[in-house]
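Analysis of the macromolecular model
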Amino acid sequence: MELLQNSIGDQVLVELKGKKKIKGKLRGYDQHLNLILEDAEEISTDPETGDQIIEVVKTVIVRGDNVVIVSPPPK
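Here is a short report on the structure shown in this document. The model shown is predicted, which means the values in this text are computed figures rather than measured ones. (Residues numbered from 1 in each chain as written. Predicted model: local features only at pLDDT ≥ 70, side-chain atom pairs only at ≥ 80, totals over all residues. Heavy atoms only, no water.)

1. A few points about the sheet that holds strand β1 (residues 11–16)
Overall, antiparallel pairing links the five strands, which are arranged β4-β3-β2-β1-β5 in an open sheet. With partners counted over all chains shown, the strands left at the sheet margins are β4 (52–62) and β5 (67–71), one partner each. Direction aside, the axes of adjacent strands within the sheet are offset by 30° on average. Where strand β3 (residues 35–45) lies against β4, nine bridges are found, and the strand directions are antiparallel. Each bridged residue has a counterpart across the sheet, and for Leu35 the counterpart in β4 is Val62. (Pairing = 2+ DSSP bridges. Helix = DSSP H or I, 4+ residues; strand = E, 2+ residues; numbered from the N terminus. Axes fitted to C-alpha atoms, helices over the stretch in contact; angles between N-to-C directions.)

Pasting the structure below:
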């Protein structure tokens, strides 16, 4: 949890169940790994072409049950 605390205000990449990813600034989290991301983008892959699809979602609350990986920014 210290790693998440140190990442507040920084860009993180969150991998979700269903192979979706969300990239955004981490604004907060709780003990259940529910995350609040601002200036976020949802990144998914088109199954037919394999192309990445990026959708801007601004502010999003991600339920911790769906989180597979949280990747903090490189230091």
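2. Here's the deal with the pattern of salt bridges
Considering all chains together, one arrives at five salt bridges under this definition. In this structure, the salt-bridge partner of Arg63 is Asp65, at a minimum N-O distance of 3.0 Å. Accessibility expressed as a relative area gives 55% for Arg63, which makes it exposed. Judged by relative accessible area, which is 47%, Asp65 ranks as partly exposed. (Salt bridge = Lys/Arg side-chain N within 4 Å of Asp/Glu carboxyl O. Buried < 20%, exposed > 50% of the residue type's maximum accessible area, 1.4 Å probe, protein only.)

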